[in-house]
Amino acid sequence: MSTLAIARAGRVARRQSRSRSRQRLTSVVMVVVLLVFLVLLVHPGSFTSVSPLDNGDDFLASPGGAHLFGTDQLGRDIFSRVVHGAQPVLAASLGGVLLATVAGVVIGLVGGTAPRVVSVVVMRVVDVLLALPVLLIALILIATIGAGVKSIVLALGVAYTPGFARVVEASVRSLRSVEYVQAAKIFGSSGVRTAVRHLLPNLMTEIVVMVSSAVGWAVLTATTLSFLGLGVQLPEPDWGSDLAAGATSLSTAWWLSTFPGLAITVTILVANYAGDWVMTLIDPGRARSRTRFRLLGGLRSSLPPAAAVAPGEPASLTATSAADHVPASSNPADHVPADVPGPVPMPGQGLTSQERA
Amino acid sequence: MSTTLPVARRREVTPGETVLAISDLRVEIGTPNGVVRPVDGVTFSVRAGETVGIVGESGSGKTMTGMSVLQLLPAGGSIVAGSIRFCGQELTDLSPAALRRLRGEDIAVVFQDPMTSLNPTRTIGSQLREAYRIHRPGSTSAEADARAVEVLSLVRMPRPQERLRDFPHQLSGGMRQRAMIAIALLCEPRLLIADEPTTALDVSIQAQILELLDDLKVRLGMGIILVTHDLGVIAGHADKVAVMYGGRIVEEAPTAELFANPRHRYTQALFESMPTMELDSRRPLASIPGVPPTLVDLPPMCRFAPRCRFARDDCRTADPAPVEVRAGHTHLCLHPRPPGDDLDDSERLAPAISAEDLRPAGRPGRPLVRLDVVEKQYRIKDPGAFRPRRTLHAVSGVSLDVLEGETLGIVGESGSGKTTVGRMMVGLEAPTRGAVRFDGHDISRLSRAEERGRAGNLQLMFQDSSAALDPRMTVADLIAEPLVAQHLGSRSERRAKAVELVDAVGLPRAALEKRAHEFSGGQRQRIAMARALVLRPKVVVADEPVSALDVSIQAQILNLMRSLQRAYSLTYVVISHDLSLLRYLADRIGVMYLGKLVELGPSAEVYAAPRHPYTAGLIASVPVPDPAAHRQQQAGLSGEIASAVDPPSGCRFRTRCPLATDLCAEQEPALVARGGRHDVACHYPLTA
């Protein structure tokens, strides 16, 4: 390959090799943290033996001593409430994002591959839904089916689906004109087959990006909804409702709201970091097809071994540059991953300051 | 020449004076895999009024040599040894500020791809003005505009005043390159470094741009460094040639001397592997086995030794020292080609397959694919609200037959519609009018179920192999995919087929588990071919199969295509802009211009005696790798290709045709057979 490509790949590899040990450390830390959250979601009782509902004798105790995070007005241990309060939040946000992903990908695929009439109708419906704020959708749904985790899941799912669908549809449209998708058509591949075999795997990067940025927003939205009383009802522990309950006594008993708030912040940060990290694992462009799932295996050098690097091309295509023909990159090992879209416009971002916690 | 330059600002350059002298230049780029040395001891000089051509394949370091003059090196790269003297001034120890003053003012660069080298969000005029005002601080906008117009007319841009307001995407490729050259010439540099300036352009425009550069060189007394991989371009436009391989100049000589008497084995191998127009199409091409070296941590040895069939032990152990054959001709070979050896027969790499006829057995038979007055129109969505919708006439009324067992070549420049014809044959596009028939059945508009059947008969090899292979699939999956799509065979059978084809295209079996991006361009093209053959099609349409590959790799792929044609009894339709390639590969050639088929006949006849003026102009524009031929070459094509949205009335070529008359504007000529199998669409066809 051309020297410029080697230099570019070298620059990338330099960056990567410097952080190779750092990346191994990151992988270990990430896995541990994600495991903690998994346990929190599934079995919060492992972290604390005190029940969050027990009314104790020690009202409004400061943090420290027997109660790590203090107690509330009814003597309940805040630490225990924070630990148990993770469950509804995580369940709601993850469930909502999962629902939105499945629905968004399906709708996006349909919108990108269906005949023009169908796709126009579908995408315009999606656009209309995109215009509705999450809160409105949540209120409507909850008014219909009642408050609780399930309604938040549904609300998040419906609210995020349009954004996902738009991103997926745009990517599908650009993928359809790539040669290997057209080649599938020449082989006699049906539309569905092409979608599953070619489009979906190559959408993975976009989907992971979408999901990773959405989980953070979903956590925020879920806690907002429960802050407003639309989620889990008291006395069940929940970060959002606990935050609301302690909001009035911030000056006197600051620990009532602060610790749930901190928990929310940490969770969103972890969600974002986890998204970045998963994204780096899944990129096909680097020469690490065998290290893809070896999470702790570290990186191989990103320059392929000399035997496999067999440059064979001049720096650009020759004279077929019509106005519609884009000279392609000729560097095999320097393959840039599929276009990563910018931040997805999440419906939750439209909340005004009044509605935010 | 320029009235806006301050008088006596710098001394005039006398013709013949050495403008640039590079001595033992070494450039290093640090990578985690080792130190890359793209320029490893390069020495040459450029005089005013002289064009020095640097020839090499990718990975030879030719671009880095050009860029290192101005220290436009990639990050991590630096000049570690040697000197670069420009008009007596040493450049390697200049401060960044002094270098900036030098760039554009005294030394200018023309890059390869004007579309990415020009800012798409600014007009040409604004970019010209910016370049001018950097070096002439204090000049007004009006002065800059005046100079811009002056320099645009110097590069023969039509209607320069209007061009100032145009954006790059509104210009054609040739005009963009002229704009780039204009930007380079704004301050009348003494040295111009042209890095593959015409590779991305059509053949006829290429000839115009190269001729322009020659003319400007004489008028402005510049020295030019012309970096290219095309020996034909070198033959016609370079005074002196340096052949680079593995970061070193392996041979340097005046052009005529190099072509008449190449000494280094690499130069000899390059000449042998080019499908020039005189090549005997029955012979396989002499390809250079292997691939160019990566320039990382190479031990002392002749860099070409691993691929050289004349290499001996001493070639692999020590760096060869320069040998001077005569004044101006040096090379780096320990066992050079003896002088006077006939380049054609005795040394040619034509071992066991020397005189074997590579054409499939039997003469071409019945028509297999028939295009019946096929038309393809695209509707352009016009941003203007009240303007009527316009159509792009990509293909207009093309009728041709593809005979069984033959190789049909379709040649044309960009915008000719040749790719669209290929796509209509395999069913990626449905013709707006007319029909495509295979074996008598109409295959142009098929239902989904019927399309399956067509896949077994017609396949396509795409131009861009990196985009044609799914980056997430292994090679085994890629090759077996057509079988999966057609629900043919069990898993083990498909695997066996994949193995069989990987062997047939010359790839190692270990390749089956790798992914496409781990291979080079030539290897990817082999994978694409294996994939195209797995359904045993009768017809393979190859869209520019080798245009993105180096010359030595091209020869490998072409030989492979030939042998596969024999083994699998294939019929090829090869679409290309490269005439010399089709001359070698095709039995019959069709020439397309702006959506019309203008000539169709046996390839030998079409080249030896073209009937249509466009074909004649195309042949004249192709740079022939023979310096002597350029003296007698006729004029190439003038002007630009017309718009396909609004094609000229009557004969579409009449706007560029030297023989056009009123009849040509009124009446469109039909493709008529004149004298047997050679058809031409012209009112005044050229006679032999």
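This report concerns the structure included in the present document. Since the model is a prediction, treat every value here as computed from it, not as a measurement.

On to the overall build of chain B. Of the regular secondary structure elements, chain B holds 23 helices and 24 strands. For 688 residues, the compact-globule estimate of 2.2 N^0.38 gives 26 Å, and chain B sits close to it at 26 Å. By its C-alpha atoms, chain B is 75 × 70 × 50 Å across when sized along the principal axes. The proportion of buried residues among the 688 residues of chain B is 60%. Of the contacts made within chain B by residues no fewer than 6 positions apart, 69% connect residues no fewer than 24 positions apart. Accessible surface, chain B: about 26500 Å² in total, of which carbon and sulfur atoms supply 52%. Looking at chain B, you have 82 positive and 80 negative side-chain charges, and the mean spots of the two groups are 4 Å apart.

Here we come to the sheet that holds strand E24 (residues 679-680) of chain B. Strand-to-strand pairing in sheets goes through backbone hydrogen bonds, with the strands running parallel or antiparallel. Residues and elements named next belong to chain B. Strand order in this open sheet of eight strands is E18-E19-E20-E15-E21-E22-E24-E23, and the pairing throughout is mixed. Each edge of the open sheet is held by one strand with a lone partner, namely strand E18 (458-461) and strand E23 (672-673). Pairing between strand E15 (residues 407-411) and strand E20 (residues 571-576): five bridges, direction parallel. Residue Ile-410 lies in a different strand from E20, and its bridge partner there is Ile-575. Sitting on the sheet, helix H21 (residues 613-621) is in contact with strand E21 (588-593) and strand E22 (596-602), with an inclination near 100° to E21.

Tallied over the full model, the rule gives 42 salt bridges over all chains. Between Arg-124 of chain A and Asp-127 of chain A there is a salt bridge; the shortest N-O distance is 3.0 Å. In this pair, Arg-124 of chain A and Asp-127 of chain A are both assigned in helix H4 (residues 116-131), three residues apart and thus about one turn of the helix distant. The exposure class assigned to Asp-127 of chain A is partly exposed, which follows from its relative accessible area of 23%. Here Lys-376 of chain B and Glu-429 of chain B are joined by a salt bridge, their closest N and O atoms 3.9 Å apart. Of this pair, Lys-376 of chain B sits in strand E13 (residues 367-380) while Glu-429 of chain B sits in the loop between helix H12 (418-426) and strand E16 (433-438), and the two are 53 residues apart along the sequence. Overall, Glu-429 of chain B belongs to the buried group, its relative accessible area being 15%. Through salt bridges with shared partners, a single ionic network connects Asp-24, Arg-26, Asp-40 and Arg-303 of chain B.

What counts and how
- Residues numbered from 1 in each chain as written.
- Chains lettered and ligands numbered in written order.
- Predicted model: local features only at pLDDT ≥ 70, side-chain atom pairs only at ≥ 80, totals over all residues.
- Heavy atoms only, no water.
- Helix = DSSP H or I, 4+ residues; strand = E, 2+ residues; numbered from the N terminus.
- Rg over C-alpha atoms; globule rule 2.2 N^0.38 Å.
- Buried < 20%, exposed > 50% of the residue type's maximum accessible area, 1.4 Å probe, protein only.
- Contact = heavy atoms within 4.5 Å.
- Areas by Shrake-Rupley, 256 points an atom, 1.4 Å probe, with all protein chains shown as cover.
- Lys, Arg positive; Asp, Glu negative; His and termini not counted.
- Charge placed at Lys NZ, Arg CZ, Asp CG, Glu CD.
- Pairing = 2+ DSSP bridges.
- Axes fitted to C-alpha atoms, helices over the stretch in contact; angles between N-to-C directions.
- Salt bridge = Lys/Arg side-chain N within 4 Å of Asp/Glu carboxyl O.

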